[in-house]
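# Topology and contacts: notes
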Amino acid sequence: MTTSLAEVAASGATLRAFLHGLPGVDRVGADQRAATLGTRSIKTTAKAKAIDLAISMVDLTTLEGADTAGKVRAMCTKAVRPGGDAPRVAAVCVYPDLVAVAAEALRGSGVKVASVATAFPSGRSSLEVKVSDTALAVAAGADEIDMVIDRGAFLSGDYLKVFEEIVAVKAACGAAHLKVILETGELATYDNVRRASWLAMLAGADFIKTSTGKVSPAATLPVTLIMLEAVRDFRDATGRQVGVKPAGGIRTTKDAIKNLVLVNETAGDDWLTPEWFRLGASSLVNDLLMQRQKLATGRYAGPDYFTLD
C-alpha cells in the first residue's frame, strides 16, 4: 500500500478528505454502460460454460427466522451436488447459530461455510457484540464472515467509526475471509457506493458485497459496475485484489450471465473465479440447472424436477 493510502485513516478528517476526493460517479453514464453490457448475447457453447461458472460462484443462502438444522443440512447436500454433473457451489451462507450444522455437513466437500454476523441485517449493535458474534461464528467453523456496515454512521459522515469497526471485525475473523456488506440500497447515491467500497477495502475487506437481501433495491447492475471499478482501481493503487459479491434479487440465469459479462468487461478475467466473485442467492441455482438441462437435452424440466432451495 502506498504511503498516502496507508495514512488516510489517521484521523476522521483525513479519511473524509480522501473519500470525498474520489472521482464522482457519472450516474447517467453508469446506468447506460450497465444497460448496454446487460444486452450482450452469449452463444450456446459460451453459455454452457457461463452457467457452470455461475453455479460455482453461488453462495447458497438461507437467512430466515424459520431456518432449521434440517433445512441447512438439505441445503448443504444441494450445495455439494446441485444436480447431475453440475459443479458444486462456492459456499453455504447461514446465521451464526447454524454454522456448526453447516460445517459438519460440508466437511471435506470443498464448499465453504459463510456466516452473517455483526447484528445482521441492521448492524445496529455495539462493537463488542459484533466482534463476539464474529468470533463465535469462526470458532463454530465459519470460513467466511459477511458483516454489515453501520449505515447510520456512514451516512452521517462518521467514516472513521465504520473503518474502525471493519478493522476490529477483520481481526476477529482470524484466518476467515471477511465480506463487507455495504447495503447499497440505503446509501442513496452512486458516489456513496464508491466511497463505501473504498472505505471497506482500506479497512481490510477481502470482499465487498452489495446487500443483505433484506432491502430493496439490492444488487443492481450499475451498483455492481461501480463496485467492480472500485476493486479494479484499488488493485492498481495498492497491488491487493479484493472480491465482489452482488446479493439480493439475482434469481435467473439471465441475471447471472449479465453479472459475469459485467465482471469480464469491467474488472477483467482475474475476477472471473469463485475466489474473487460470488453471487449471493437462494433461488438462482434451480434456474441455472433448468437452463443447463435445456442446453444439454433441448427440453426444459419442470420446476418440481429440482429440490427447493
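Residues numbered from 1 in each chain as written. Predicted model: local features only at pLDDT ≥ 70, side-chain atom pairs only at ≥ 80, totals over all residues. Heavy atoms only, no water.

### Quick look at the overall build of the chain
Secondary structure summary: the chain contains 13 helices and eight strands in total. Its C-alpha atoms put the chain at 60 × 45 × 30 Å along the principal axes. Residue pairs in contact within the chain that sit at least 24 positions apart in sequence constitute 75% of those at least 6 positions apart. Just so you have it, the chain exposes about 12,900 Å², and 52% of that area is on carbon and sulfur atoms. Charged side chains in the chain number 35 positive and 34 negative. The centres of these two groups are separated by 5 Å. (Helix = DSSP H or I, 4+ residues; strand = E, 2+ residues; numbered from the N terminus. Contact = heavy atoms within 4.5 Å. Areas by Shrake-Rupley, 256 points an atom, 1.4 Å probe, with all protein chains shown as cover. Lys, Arg positive; Asp, Glu negative; His and termini not counted. Charge placed at Lys NZ, Arg CZ, Asp CG, Glu CD.)

### Considerations on the pairing of strand β2 (residues 91–94)
Alternating residues of β2 divide into Ala-91 and Cys-93 and Val-92 and Val-94, and every residue in both groups is buried. As paired elements, strand β1 (residues 58–61) and β2 share three bridges and run parallel to each other. In the strand pairing of β2, Thr-61 is matched with Cys-93. After leaving β1, the chain enters helix α5 (residues 69–80) and then returns to the sheet as β2, a path that is right-handed. Where β2 meets strand β3 (residues 112–116), four bridges bridge the pair, whose relative direction is parallel. In the strand pairing of β3, Val-92 is matched with Val-113. Taken together, β2, helix α6 (residues 99–106) and β3 constitute a β-α-β crossover, and its handedness is right-handed. (Buried < 20%, exposed > 50% of the residue type's maximum accessible area, 1.4 Å probe, protein only. Pairing = 2+ DSSP bridges. Right-handed = clockwise from strand over helix to strand, strands pointing away.)

### With respect to the pairing of strand β4 (residues 144–148)
Most of β4 sits out of view: five of its five residues are buried. Covered by surrounding structure in β4 are Glu-144, Asp-146 and Val-148 together with Ile-145 and Met-147, the residues of both alternating faces. Relative to β4, β3 is paired through three bridges, and the arrangement is parallel. Residue pairing across strands places Ala-114 opposite Glu-144, the latter belonging to β4. Taken together, β3, helix α7 (residues 127–139) and β4 constitute a β-α-β crossover, and its handedness is right-handed. In the sheet, β4 pairs with strand β5 (residues 177–181) via five bridges, with the strands oriented parallel. Bridge pairing links Glu-144 to His-177 in β5.

### Some thoughts on the packing of aromatic side chains
Following the criterion strictly, the structure yields four aromatic pairs and no others. For the ring pair Tyr-95 and Phe-120, a centre distance of 6.0 Å and an interplane angle of 75° mean the geometry is edge-to-face. Taken together, the residues span a long stretch of sequence, with Tyr-95 in the loop between β2 and α6 and Phe-120 in the loop between β3 and α7 at a distance of 25 residues. Residues Trp-198 and Phe-234 carry aromatic rings whose centres are separated by 5.5 Å and whose planes lie at 75° to one another, so their mutual orientation is edge-to-face. One end of the pair, Trp-198, is in helix α10 (residues 190–202); the other, Phe-234, is in helix α11 (residues 221–238), with 36 residues separating them in the sequence. The exposure class of Trp-198 is buried, given its relative accessible area of 8%. The class for Phe-234 is buried, based on a relative accessible area of 0%. Here a set of aromatic residues connected by ring pairs shows up, and it is made of Phe-18, Trp-198 and Phe-234. (Phe/Tyr/Trp six-rings, centres within 6.5 Å; stacked < 30°, edge-to-face > 60°.)

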